[in-house]
Amino acid sequence: MKVSVILCFFFAFYANPLLAQEKDSLTIALDEAVVTGTRIERQKNKIAASISTISRETIDRSGEINVLPLLTYQVPGFLLNDRSITGFGIGPGSGGNISIRGISGTPNNRVLVLIDGQPQFMGIFAHPIADAYSASDIERVEVQRGAASVLYGSNAMGGAINLITRKGTDEGWNGSVNVGYGSFRTFMGNAHVSFNQGKFHSMVAINRNSTTGFRNDAEDSFENTTGYLKMGYAISPGLSLSGDMQLADATYFQPGPTVAPLETDKREYLRGRAALSLRNDWGNVSGALLYFHNFGEHTFQTGFSSKDQNQGITFYQNLSVLPNQILTIGMDYKRYGGKAFNETLPPPARVGLGTQFTIHETDLYLQAQQELGEKISFNAGLRRVSNSQYGQKLLPGFGFAYRIKQNFTLKASSSKAFRSPSIVDLFLFPTSNESLRPEELWSHEAGFQTLILDNKLSLEMMAFMAKGSNLIQINPMITPSIGSNSGSFLNKGLESQFRFKTAESLQVIFNYAYVDVDENILFAPKHNLSLQTDLQLSKFSIVPSIQHISGLRNSLTETDKNENYTLINLKSMYSISHKINIYITGKNLLNTSYQLEKGFPMPGINVMTGIHLKF
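The numbering scheme is per chain: residues are counted from 1 as the chain's sequence reads. Restriction of local features to residues with pLDDT of at least 70 applies here, the model being predicted, together with a cutoff of 80 or more for giving and counting side-chain atom pairs; totals for whole chains, interfaces and linings are based on all residues. Each side-chain value is derived from all of the structure's non-hydrogen atoms; neither hydrogens nor water enter the calculation.

Draft legend 1. Molecular detail of the overall build of the protein. In this description a helix means any DSSP run of H or I spanning at least four residues, a strand means any run of E spanning at least two, and both kinds are numbered starting from the N terminus. When helices and strands are counted, the protein shows four helices and 31 strands. Radius of gyration (C-alpha) of the protein: 23 Å, near the 25 Å computed for a compact globule of 615 residues. In terms of overall dimensions, the protein has C-alpha extents of about 65 × 55 × 45 Å along its principal axes. By residue count, 57% of the 615 residues in the protein fall in the buried class. Sequence separation of at least 24 residues holds for 62% of the intrachain contacts in the protein that already meet a minimum separation of 6. In short, Shrake-Rupley with a 1.4 Å probe defines the accessible areas, and a residue's cover is counted only from the protein chains shown. Accessible surface, the protein as shown: approximately 25000 Å² in total, 61% of it carbon and sulfur. Only C-alpha atoms enter the radius of gyration, while the globule expectation follows 2.2 Å times N to the 0.38, with N the number of residues. In this scheme, a residue with accessible area under 20% of its type's maximum is buried, one over 50% is exposed, and one in between is partly exposed, where area comes from a 1.4 Å probe on protein chains only. Whether two residues are in contact is decided by their heavy atoms: any pair within 4.5 Å suffices.

Set out below in structure tokens:
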């Protein structure tokens with residue numbers, strides 16, 4: 001059932017006379033406060049983990065309807081398989097694969113996506129749903145590069161992407177509308193309205209994106225409608241309650257590879273999410289009680305269908321008992337699973353289909369953060385995992401940050417991460433194996449971050465090594481061909497970021513990542529370089545960007561050549577008034593021909609123009 005009419009009703013109900021909205025400020029600072037890599041707001045230069053942050057203003061100026069594509073130019077070593085004009089799709093042959101430090105997975109289940117610190121993945125295949133992450137719903141993005149399982153649990157092997165949801169901040173009514181139209185009949189539109197009064201805050205948003213697709217040899221159209229609602233109330237100065245919900249309704253035609261193009265592989269999927277949070281901050285004691293529930297219904301024209309769910313509770317408290325020490329004690333409970341169907345398969349291939357499977361996982365964790373004087377911060381943590389399928393597991397992690405000078409910090413850390421076998425790994429199809437153990441990874445990193453040139457230039461550089469073991473893979477040369485914990489990899493590399501800002505008129509961000517892999521791994525380019533400049537000249541803004549990728553394996557066939565390509569994009573904006581902006585965006589202006597996955601060409605040159613209104 002389509003949800004577009006329901007979402008439009010929600011938005012129409014909320015729309016009222018509106019007032020103006022303030023613009024966020026921009027800063028470059030090593031002491032920026034973050035909540036990822038720790039369960040309490042901490043200065044970035046006191047956290048051993050590598051954290052990248054993306055502000056609401058950056059999200060607004062990107063013009064993206066989905067939050068993931070803009071991470072390409074904000075997070076070093078980040079790669080996204082965004083092979084459509086808009087949208088990613090779902091299931092085999094779709095896009096949306098996320099890679100950090102050369103770690104991804106097929107399906108994409110080795111980078112964890114969180115919403116407000118709560119894990120988000122499909123209950124059967126354990127991968128995130130990329131089309132559900134609308135930019136209008138997000139206030140801020142924090143990305144932990146490297147192992148993050150000690151705090152966040154399963155799937156956080158390559159890293160964790162924490163999407164912090166948006167809420168109204170100014171009193172009264174505020175809102176915005178953004179509408180764009182471009183190549184291949186592509187439409188992108190979103191609108192949001194917020195209302196704040198005293199202790200109460202609320203926001204509602206609706207998004208719509210669609211395209212007829214760019215493939216001439218196959219059907220690759222896409223359409224998606226999402227709606228978002230958030231409300232909250234400050235019960236007291238130290239206690240607040242909030243809740244939010246989201247629906248995403250998408251239809252995608254999977255085009256198939258160029259050697260076997262498809263016209264009728266239609267895939268429809270409805271995803272929903274609801275969450276409640278009770279947060280406390282009483283000085284020396286702070287934390288939260290969080291509940292989340294995700295669900296989805298998928299129907300493929302090929303005969304596959306599924307219903308899945310992923311729900312859980314997170315509870316943690318930060319205790320400041322001893323001087324300069326924060327002790328975090330937490331518990332995570334997850335219950336995920338689902339049921340899949342496909343009557344078109346022959347009976348021997350229907351292993352596990354038609355049966356409801358559920359996995360329970362209860363984790364306890366402890367993290368200690370200790371300040372030694374004004375310069376040294378230590379942290380150490382331990383997570384104990386109890387999984388209903390494979391039993392128990394311990395995950396340690398530790399690190400330090402040493403502030404040699406006010407604007408120069410050395411960092412180093414080591415941590416263990418894991419991925420629990422998913423429902424499809426354990427129970428579905430002939431390759432499943434109920435005896436599978438969790439995948440494991442040890443991550444080690446060291447580097448520095450600094451500010452120079454009167455705090456106009458920030459530099460960050462990290463060297464890392466990630467050693468994966470017990471990877472679940474299927475060897476077709478062995479009979480029977482079932483999944484086994486026989487895979488491994490060793491990724492070593494270097495990632496760096498340079499940010500330059502002068503007043504409000506010029507910003508430059510340059511990322512470079514080098515990854516050396518010892519296996520034939522998809523979505524792990526040897527060189528990943530990006531450069532983006534944001535230049536404001538009176539009422540005009542010009543944002544050129546360039547991305548260069550080389551040494552990318554887009555096929556598991558050893559004889560296939562690596563993919564190398566360069567992309568140039570350009571966005572230009574004109575401010576008619578402080579409430580009205582018009583823009584035009586051109587992507588892949590060199591009309592580069594390239595493939596992130598062999599047989600699936602990426603879009604050529606495409607253009608979009610639109611208008612952004614604030615109320």
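Draft legend 2. Local environment of the nonpolar core. Grouping buried Ala, Val, Leu, Ile, Met, Phe, Trp, Tyr and Cys residues that are joined through side-chain atoms within 4.5 Å yields what is termed a nonpolar core. Core analysis: the largest hydrophobic core is formed by 61 residues, its most contacted members being Leu71, Val141, Ile161 and Leu163. Residue contributions to this core peak at five residues, all from strand β6 (residues 111-115). When neighbours within four sequence positions are excluded, Val141 is seen to be in contact with Ser52, Thr53, Ile54, Ile59, Val67, Leu71, Ile161, Asn162 and Leu163.

Draft legend 3. Structural detail: the packing of aromatic side chains. Centres within 6.5 Å are what make two rings of Phe, Tyr or Trp a pair, Trp counting through its six-membered ring; a difference in plane orientation under 30 degrees is then read as stacked, over 60 as edge-to-face, and the rest as tilted. If you walk through the whole model with that rule in mind, you get twelve aromatic pairs. Summarising the aromatic geometry, the rings of Phe408 and Phe448 are spaced 5.5 Å apart at their centres and angled 10° between planes, so their arrangement reads as stacked. With Phe408 in strand β22 (residues 408-419) and Phe448 in strand β23 (residues 439-452), this pair connects stretches of sequence that are 40 residues apart. Assessed through its relative accessible area of 25%, Phe408 is described here as partly exposed. On the basis of relative accessible area, Phe448 is assigned to the partly exposed category, the value being 24%. Through pairs of rings, three or more aromatic residues link up here, namely Phe125, Phe300 and Phe304. Counted as over-ring charges are cases with an Arg CZ or a Lys NZ within 6 Å of the ring centre that also lie within 35 degrees of the ring normal. Over the aromatic face of Phe300 sits the side chain of Arg267, whose NZ or CZ is 4.8 Å from the ring centroid. In this structure, Lys571 is placed above the aromatic ring of Tyr583, and the distance from its NZ or CZ to the ring centre is 4.9 Å.

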